[in-house]
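Chain by chain, the residues run as shown.
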Amino acid sequence: MVPLVEFIFPFAAIKRNEYETQYTFPGPGTYTVFSNDVALLTNILNVPSSNERVLTIKTQITIPPSNPSHVPFYTNHMVEYTCVNQPWSFYPGAVDLDGDSLAYELIIPDDFDLSQAFGINNPKDLPGYLFPDDNSFMNGAFLLDPESGLMEWNPVEEGIYYIGYAVSEYRD
């Protein structure tokens, strides 16, 4: 069990969970590390039936047989609160200690199927997820710079949104 560190920001009705652990992999190979969050909020505007979903956060780690590589890490926490019709921006500040190139992209978050036995890695695309740049519901331009990771948005509808993004590293 990975210990939970919970941060509560009552002034903005925000709760952030952080999990940290250390693990030694048996050797070179590709590994998927994941965590399931069963307590997803209700009424997330771009996630249908959000209170019935189990969000899966995952990363894939490749350990080469030679020339080891560091996994990118983030230096900034998500700015989780904004106002309608006010510009919002977030820079994740991913850093790769090896100097590898990084690329950002919007992704469909994973959903965990509770009908399967607990502990089995069976994530699938979150059903009905709408990207933050989908004009069918957001009507506010959402931009993600694929090189810097800078996200910019001017939300026009009040509510809770979920933004799925990934950073990938490429050896120069």
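Residues numbered from 1 in each chain as written. Predicted model: local features only at pLDDT ≥ 70, side-chain atom pairs only at ≥ 80, totals over all residues. Heavy atoms only, no water.

Looking at this structure, I do not really get the sheet that holds strand β11 (residues 142-144). What am I missing?
Within a sheet, each strand pairs with its neighbour through backbone hydrogen bonds, oriented either parallel or antiparallel. Spatial ordering of the open sheet is given by β6-β12-β11, a layout of three strands whose pairing is antiparallel. With one partner strand each, in any of the chains shown, β6 (88-90) and β11 form the two edges of the open sheet. The average angle at which neighbouring strand axes cross in this sheet is 10°, direction not considered. As defined by bridge partners, β11 adjoins strand β12 (residues 151-153) across three bridges and the pair is classed as antiparallel. Residue pairing for β12: F142 is matched across the bridge by W153. (Pairing = 2+ DSSP bridges. Helix = DSSP H or I, 4+ residues; strand = E, 2+ residues; numbered from the N terminus. Axes fitted to C-alpha atoms, helices over the stretch in contact; angles between N-to-C directions.)

How should I be thinking about the side chain of D96 in this particular structure?
Along the chain, D96 falls in the loop between β7 (94-95) and β8 (101-106). Residue classification places D96 among the buried positions, given a relative accessible area of 9%. Only 3.1 Å separates the side chain of D96 from the backbone nitrogen of D100, close enough to count as a polar contact. If near-sequence neighbours (up to four positions away) are discounted, D96 is found in contact with H70, P72, L102 and E169. (Buried < 20%, exposed > 50% of the residue type's maximum accessible area, 1.4 Å probe, protein only. Polar contact = N/O pair within 3.5 Å; in protein donor to acceptor, adjacent residues only side chain to side chain. Contact = heavy atoms within 4.5 Å.)

I'm lost on the nonpolar core in this one. Help?
If you look at the biggest cluster of nonpolar residues, it comprises 14 residues, and the most contacted ones within it are W88, F142, M151, I163 and Y165. Of all the secondary structure elements, the ones that give two or more residues to this core are β6, β8, β11, β12 and β13 (165-170). The biggest single contributor to this core is β8, with three residues. Discounting residues that sit within four places of it in the chain, I163 has contacts with W88, L106, Y129, P132, F142 and M151. (Core = buried A, V, L, I, M, F, W, Y, C linked by side-chain atoms within 4.5 Å.)

Please clarify how the pairing of strand β4 (residues 55-63) should be interpreted in this entry.
Along any regular strand, the residues point their side chains to alternate faces of the sheet. As defined by bridge partners, strand β3 (residues 29-37) adjoins β4 across nine bridges and the pair is classed as antiparallel. Along β4, the bridge assignment pairs N36 with T56. Here two bridges tie β4 to strand β9 (residues 110-112), and the two strands are oriented antiparallel to one another. When the sheet's bridge partners are listed, T56 is paired in β9 with D110.

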